[in-house]
Structures are given as structure tokens and as C-alpha cells.
Amino acid sequence: MSRIALVITDRETNTQIKSLGVALLELRVDLFKKQDLDYIISQIKNRRLLKIPLLLTVRNQKKEGAVKEFSDDRKKQIIETCLPLVNLIDIELSSPLLKQTIVLARQLKKKVIVSSHYLQGMPHHLESIFKKSLSTRADIVKIAGKALSFDDVLTMLQFTHRHRKHPLITMCLGPQGSISRLILPAAGSLYTYTFIHKPSAAGQIDLKTLQSHLKTYSLA
């Protein structure tokens, strides 16, 4: 079973994607060339033709990993319009839209990933982040922290293995965290994120390299 989530924007073609054998497509709508709703809808409908589960992700704050900041009202519009067209949505634990997004997802029978991103270092309160995320009734909890040393990777590895019975996605950001893209799935992380052309987060490994490594260590 593939554990690979391929991060895409509107630049990749369906022909490039269709035979890659990935388990999930994360649509980074905030990185699309255009942000008008009709354009976004047309892009999502095109990706639906691939018959691969679609994850809607809209980052609008720098602390979440957004390249450009924009209003929560705009983000809300995108979510309300596009959520019926996808399988899952990623919403940040810190987002003011968290509760209403989860309510909407429940109404539409869509799964919710509640995510937390720590771009400057590894958080020391992983357990409290996990508990707070669970309290939102998230289907999947996602935690990403920047690794400044291998000790940080080891911290996330132990945390992931400890909570492997719960749907969980973990990763370590940054160059020191690249190895986490391989070992955290072995410890229980549901997905490892990758790219074809350009990484969407520091420490991501390109798809071909990642698939080769996962196969080598019987993790594919």
C-alpha cells in the first residue's frame, strides 16, 4: 500500500501524475497561478478524472507555510466552494475557521486533517498538541516541526511510534529532517509528502528518490 501523498498545484499535468502510484493528491490551492473560484473549480474537476483521493489544502498565513498571505474570508470562500469536490481537507489547528470547517466537512461526509506547523523548530509540547487536535474530532492529526538536529527527528519518531494506533501524519521539516520522510512512515505516519518538480516544504524528497528508498527498505 502506497503511503505517498503527492503535493501538486495547477502546473503538473494529469498525464504526468496518472501512473505514479501515489495514494493521495494534496491540492495546494493557495499556490495556484490564479485564485478565482471558477478557475480553482475547473482545476479540481480536472484532477478528479485521475480517480485518486484529493486533499484540499489552503494555506493563507506565513506561520502555516503560506507563500502569500490572504484573508480568512477568502479562504472560507474557497473551502465552502471546493470541499464538496474533494475527499479530505487539511485545516490548521490555529485557524479561526477550524470549527466551522469541521462542521461543514461532517455535513458533507468528508474527512478532516487537523494540522499544526512549527517552522522554526521542534515543539516541546507534542503531547498537548496531539490531545488538543484530537479534541476537535479530527479524523487525522498532522504535526510538522522543523528538525534542528537528529535529536529532533528522534523525538518525532518516538512520538509517532507511541501514537501509531491513531490516524496520524508526522514529519520533520528542514534539511536535518529529510530522513523523517522515510522513517516516520515506518513508525506509523499515514503519509509521507513529496513532489515532482518543486518542493512545497523544506526537507521534502522528490518522488522518484522517495519511491526508490521506500522500495529498498520494503516500505512502499
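Residues numbered from 1 in each chain as written. Predicted model: local features only at pLDDT ≥ 70, side-chain atom pairs only at ≥ 80, totals over all residues. Heavy atoms only, no water.

Undergrad: What should I look at first to understand the overall build of the chain in this one?
TA: Looking only at helices and strands, one finds eight helices and nine strands in the chain. What you see for the chain is a C-alpha radius of gyration of 16 Å, in line with the 17 Å of a compact globule of 220 residues. In terms of principal-axis extent, the alpha carbons of the chain reach across some 45 × 40 × 30 Å. A buried classification covers 51% of the 220 residues belonging to the chain. Sequence separation of at least 24 residues holds for 62% of the intrachain contacts in the chain that already meet a minimum separation of 6. For the chain, the accessible area works out to roughly 10,700 Å², and carbon and sulfur atoms hold 54% of it. For the chain, the distance from the average position of its 34 positive side-chain charges to the average position of its 18 negative side-chain charges is 6 Å. (Helix = DSSP H or I, 4+ residues; strand = E, 2+ residues; numbered from the N terminus. Rg over C-alpha atoms; globule rule 2.2 N^0.38 Å. Buried < 20%, exposed > 50% of the residue type's maximum accessible area, 1.4 Å probe, protein only. Contact = heavy atoms within 4.5 Å. Areas by Shrake-Rupley, 256 points an atom, 1.4 Å probe, with all protein chains shown as cover. Lys, Arg positive; Asp, Glu negative; His and termini not counted. Charge placed at Lys NZ, Arg CZ, Asp CG, Glu CD.)

Undergrad: Sorry if this is basic, but what is going on with the pattern of salt bridges here?
TA: Under the definition given, this model contains nine salt bridges. Between D90 and R59 there is a salt bridge, and its shortest N-O distance comes to 2.9 Å. Residue D90 is located in strand 4 (residues 88-92), and its partner R59 is located in the loop between strand 3 (54-57) and helix 3 (72-82); the two are separated by 31 residues in the primary sequence. We note that D90, like R59, is buried. Across the pair D90 and K142 runs a salt bridge, and its minimum N-O distance is 3.8 Å. Of this pair, D90 sits in strand 4 while K142 sits in strand 6 (residues 140-146), and the two are 52 residues apart along the sequence. Each member of the pair, D90 as well as K142, carries the same accessibility label: buried. (Salt bridge = Lys/Arg side-chain N within 4 Å of Asp/Glu carboxyl O.)

Undergrad: Is there a simple way to explain helix 7 (residues 180-187) in this structure?
TA: Because the α-helix completes a turn every 3.6 residues, residues three or four places apart line up on one side. Counting buried positions along helix 7 gives six out of eight residues, so the element sits mostly inside the fold. Looking at helix 7, one finds that the buried residues are S180, R181, L182, L184, P185 and A187. Looking at the packing, one finds that the buried side of helix 7 touches helix 6 (150-162), strand 7 (168-173), strand 8 (192-195), strand 9 (205-206) and helix 8 (207-216). G188 occupies a position one or two residues after helix 7 and carries a positive phi of about 135°.

Undergrad: Explanation requested: the environment of L20 in the structure shown.
TA: Positionally, L20 belongs in the loop between helix 1 (14-17) and strand 2 (24-28). L20 gets classed as partly exposed once you look at its relative accessible area, which sits at 23%. Residues L20 and I179 lie 159 residues apart in sequence; the distance between their C-alpha atoms is 22 Å. The contacts of L20, once residues within four sequence positions are left out, are L6, I196, L207 and Q211.

Undergrad: In this structure, what is going on with the sheet that holds strand 1 (residues 4-8)? I would like to understand it.
TA: Each strand in a sheet pairs with its neighbour through backbone hydrogen bonds, running either in the same direction (parallel) or in the opposite one (antiparallel). Spatially, 7-6-5-4-3-2-1-8-9 is the arrangement adopted by the nine strands of the open sheet, whose pairing is parallel. A strand with exactly one partner marks an edge of an open sheet, and here the two such strands are strand 7 and strand 9. Here strand 1 pairs with strand 2 via four bridges, running parallel. Paired with L6 across the strands is L25, a residue of strand 2. Those strands touched by helix 5 (residues 126-135) are strand 5 (111-118), strand 6 and strand 7, and its axis lies near 150° from that of strand 6. Each of strand 6 and strand 7 touches helix 6; the most contacted strand, strand 7, lies at about 175° to it. (Pairing = 2+ DSSP bridges. Axes fitted to C-alpha atoms, helices over the stretch in contact; angles between N-to-C directions.)

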